[in-house]
Amino acid sequence: MYEQILAKRNKERIISLQNLTQTQDQWFAQNIKLLTFAEVNLTALQKILYQVVRGLLKEQQQRHLQIVHTVQSQSIQENVLTLLAEYDDVLRDAIPQPIYILIWQISSLEKLKNSIEVVDDVLDIVEWYFRHQDEQVAALDEDDLDHELIIDLYKEAVEEQDGDAQYQLGEYYNSREGKHFQPEKSMKWFELAAAQGNADAQYMLGNFCFGGIGMEENYSLAFSYYEKAALQGHADAANNLADMYFNGEGVATNYTLAKKWFDYAAQKNVAEAMFTLGIIYEQGLGVEVDEKEAFNAYKKSAEAGYVEAQYRLGGIYLEGRLGQAKDVNRGLFWYERAAEQYHVDAFYDLGYIWSNGLAGIRNLEKGIHWFKQAALQGDVEAKLQLGHIFNKDTGLDRNLKEAIKWYGLAADAGSEEAAKILQELKGL
């Protein structure tokens with residue numbers, strides 16, 4: 001799929017670059033067309049890189065380029081690598097880190113088994129060279145850059161068509177915390193790895209398709225990728241596949257198949273799958289209602305750290321449902337575990353419990369604390385409750401200034417009750 005998209009996009013990019021370079025650089029205008037061939041010669045790609053690097057160094061007024069003896073004693077590849085090594089500091093200051101890494105990667109290639117993904121990277125370099133080289137370049141941090149690791153991965157991915165290396169490159173470009181987050185490149189490498197049966201890559205592509213990351217949402221394709229990965233034993237893919245059967249996304253709703261895959265994922269310790277099994281047993285979706293099984297599933301999920309299960313379990317204990325005796329302390333314990341993971345409803349419920357004395361002891365200070373946590377996360381009802389507390393709670397001296405503040409915030413968020421009270425207070 002993405003290979004076809006990439007080939008079409010690259011063709012358009014090449015035409016655009018030919019038009020651009022026609023007036024700026026005749027050499028590039030003549031040689032960029034080499035990238036349009038189905039099988040691109042590696043030497044041609046490295047020759048393009050060589051011209052880019054020499055051009056950059058000339059712009060930086062480097063006067064000793066004669067150390068590189070073109071054609072006669074070295075290959076084009078050796079020429080590029082020599083320039084990169086000799087003028088590393090200069091180029092680091094002149095090239096953005098992603099482009100810098102791409103030049104190193106492509107220059108280090110010795111052979112090609114598939115050229116499309118490499119052409120895409122060469123085009124990134126050439127486009128930057130002609131369109132964006134005057135932009136401010138952030139300094140490269142030596143500690144953040146492991147050339148050898150990334151170059152080796154790239155060579156294995158391209159030369160050997162190694163699925164694991166392709167997946168790792170996909171992860172490299174998919175890291176939102178890193179400096180190289182590029183979802184389209186990530187998808188490119190994931191698809192190459194997935195085509196070779198890499199279950200992790202298939203799972204990630206399922207996520208891309210389902211969430212519309214780097215592409216339009218495509219539930220049918222997401223289902224296909226999840227299924228392929230799940231059939232290879234990928235636990236998270238099995239859970240997501242079960243979700244799609246459960247919710248009828250990209251496939252007809254089928255509680256029997258949903259439960260089958262939830263069971264599989266739960267056996268592999270996927271906490272979310274355990275939680276959904278709780279819902280299935282509690283509501284009798286495709287099975288007989290079984291309160292004991294529902295409770296056990298919720299409890300296992302909560303103990304595994306799944307926040308929705310922790311919140312649900314807290315409510316079960318507080319209300320005495322699913323065959324459990326009421327136990328306020330256990331209920332509060334699980335609500336607090338959920339609150340530690342910023343569960344807004346847990347914030348609100350803790351505020352309500354403490355401010356109304358539902359735990360047996362009224363603690364207004366704790367109530368205000370938890371209501372404020374919920375309010376800060378945007379909970380309208382929590383803002384309204386804070387307005388009530390500061391306006392008319394008998395356990396606290398009236399504070400109209402605070403009351404008006406919280407009523408105002410609740411009214412701004414759409415609370416009609418807060419807006420009405422606010423008008424009354426302002427008329428005092």
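Cut-off values and rules
- Residues numbered from 1 in each chain as written.
- Predicted model: local features only at pLDDT ≥ 70, side-chain atom pairs only at ≥ 80, totals over all residues.
- Heavy atoms only, no water.
- Helix = DSSP H or I, 4+ residues; strand = E, 2+ residues; numbered from the N terminus.
- Buried < 20%, exposed > 50% of the residue type's maximum accessible area, 1.4 Å probe, protein only.
- Contact = heavy atoms within 4.5 Å.
- Areas by Shrake-Rupley, 256 points an atom, 1.4 Å probe, with all protein chains shown as cover.
- Core = buried A, V, L, I, M, F, W, Y, C linked by side-chain atoms within 4.5 Å.
- Expected span 1.5 Å × (residues − 1).
- Axes fitted to C-alpha atoms, helices over the stretch in contact; angles between N-to-C directions.
- Parallel < 35°, antiparallel > 145°, perpendicular 65-115°, else oblique.
- Left-handed = near helix turned anticlockwise from the far one by under 90°.
- Polar contact = N/O pair within 3.5 Å; in protein donor to acceptor, adjacent residues only side chain to side chain.
- Phe/Tyr/Trp six-rings, centres within 6.5 Å; stacked < 30°, edge-to-face > 60°.
- Lys NZ or Arg CZ within 6 Å of the ring centre and 35° of its normal.
- Nonpolar A, V, L, I, M, F, W, Y, C, P; charged D, E, K, R; others polar.
- Salt bridge = Lys/Arg side-chain N within 4 Å of Asp/Glu carboxyl O.

Draft legend 1. Quick look at the overall build of the protein. When helices and strands are tallied, the protein shows 23 helices and 0 strands. The buried share among the 428 residues of the protein stands at 50%. Counting only contacts in the protein whose residues sit at least 6 apart along the sequence, the fraction spanning at least 24 positions is 53%. Carbon and sulfur atoms make up 46% of the accessible area of the protein, which totals about 21200 Å².

Draft legend 2. Representation of the nonpolar core within the structure. In terms of nonpolar packing, the biggest core is built from 53 residues, with Leu35, Leu91 and Ile95 touching the most fellow members. Here Leu91 is in contact with Val53, Leu56, Leu57, Leu83, Leu84 and Tyr100, once residues within four sequence places are set aside. Met204, Met244, Ala302 and Leu322 belong to the second largest nonpolar core, which has 52 residues in total.

Draft legend 3. Main features of helix 15 (residues 271–283). Along its 13 residues, helix 15 runs 19 Å from first to last C-alpha, staying within 8% of the 18 Å computed at 1.5 Å per residue. Turning to helix 15, its buried residues are Ala271, Ala273, Met274, Phe275, Thr276, Leu277, Gly278, Ile279, Ile280 and Tyr281. Along its buried surface, helix 15 packs onto helix 13 (235–247), helix 14 (255–267), helix 16 (291–303) and helix 17 (307–319). Gly284 lies just past helix 15 and shows a positive phi near 65°.

Draft legend 4. The arrangement of unusual backbone geometry in detail. Backbone geometry at Gln161 places phi at a positive 55°, although glycine is not the residue there. Relative to the elements of secondary structure, Gln161 occurs in the loop between helix 8 (147–159) and helix 9 (163–174).

Draft legend 5. Broad picture of the packing of helix 21 (residues 380–392) against helix 23 (residues 416–426). Taken N-terminus to C-terminus, the directions of helix 21 and helix 23 make an angle of 30°; their axes are 10 Å apart at the nearest point. As judged from the angle between their axes, helix 21 and helix 23 are roughly parallel. At the point where helix 21 passes helix 23, the crossing takes the left-handed sense. Facing helix 21, whose interface residues are Leu384, His388 and Asn391, helix 23 presents Glu417, Ala418, Ile421 and Leu425.

Draft legend 6. Up close: the side chain of Ser415. Mapped onto the secondary structure, Ser415 falls in the loop between helix 22 (400–412) and helix 23. One polar contact links the side chain of Ser415 to the main-chain amide nitrogen of Ala418, over a distance of 3.1 Å.

Draft legend 7. Looking closely at the packing of aromatic side chains. Taken as a whole, this structure holds 20 aromatic pairs when the rule is applied. Ring centres 5.5 Å apart and planes at 35° place the aromatic pair Tyr167 and Phe190 in the tilted group. Highlighted residues: Tyr167 in helix 9 and Phe190 in helix 10 (residues 183–195), separated in sequence by 23 residues. You can call Phe190 buried: its relative accessible area is 0%. When the centroid spacing of 6.1 Å and the interplanar angle of 90° are considered together, the rings of Tyr342 and Phe347 count as edge-to-face. Overall, the relative accessible area of 58% leaves Tyr342 in the exposed class. Phe347 sits in the buried class, given a relative accessible area of 3%. A connected cluster of aromatic rings, assembled from ring pairs, spans Tyr167, Phe190 and Phe208. Taking the ring centre of Trp354 as reference, the NZ or CZ of Lys366 above it sits at 4.3 Å.

Draft legend 8. Local environment of the side chain of Asp121. In this fold, Asp121 is placed in helix 7 (residues 116–131). Residue Asp121 is classed as buried on the basis of its relative accessible area of 1%. A polar contact of 2.4 Å, which involves the side chain of Asp121, links it to the side chain of Lys185. There is a polar contact of 3.1 Å between the side chain of Asp121 and the side chain of Lys188. Filtering out sequence-adjacent residues up to four positions away, Asp121 remains in contact with Leu102, Ile106, Tyr154, Lys185, Lys188 and Trp189.

Draft legend 9. Geometry of the packing of helix 13 against helix 14. Packing of helix 13 against helix 14 leaves a shortest axis separation of 8 Å and a crossing angle of 160°. The angle between helix 13 and helix 14 falls in the class roughly antiparallel. In the packing of helix 13 onto helix 14, the handedness of the crossing is left-handed. Seen from helix 13, the contacting residues are Ala235, Ala238, Asn239, Leu241, Ala242, Asp243, Tyr245 and Phe246; seen from helix 14, they are Tyr255, Leu257, Ala258, Trp261, Phe262, Tyr264 and Ala265. Residue composition of the contact of helix 13 with helix 14, by class: 13 nonpolar, 1 polar and 1 charged.

Draft legend 10. Expanded view of the environment of Gly320. For Gly320, the location among the structural elements is in the loop between helix 17 and helix 18 (328–340). In the structure, Gly320 is positioned 11 residues away from Gly331 in sequence and 9.5 Å away in space, judged by C-alpha atoms.

Draft legend 11. Structural detail: the pattern of salt bridges. Counted by the stated rule, this structure contains 21 salt bridges. Measuring nitrogen to oxygen at the nearest pair gives 2.7 Å for the salt bridge that ties Lys259 to Asp263. Placement of both Lys259 and Asp263 in helix 14 is noted, with a separation of 4 residues, approximately one turn of the helix. With relative accessibility at 23%, the residue Asp263 sits in the partly exposed group. Among the salt bridges present, the one from Glu303 reaches Lys299, with a minimum N-O distance of 2.5 Å.

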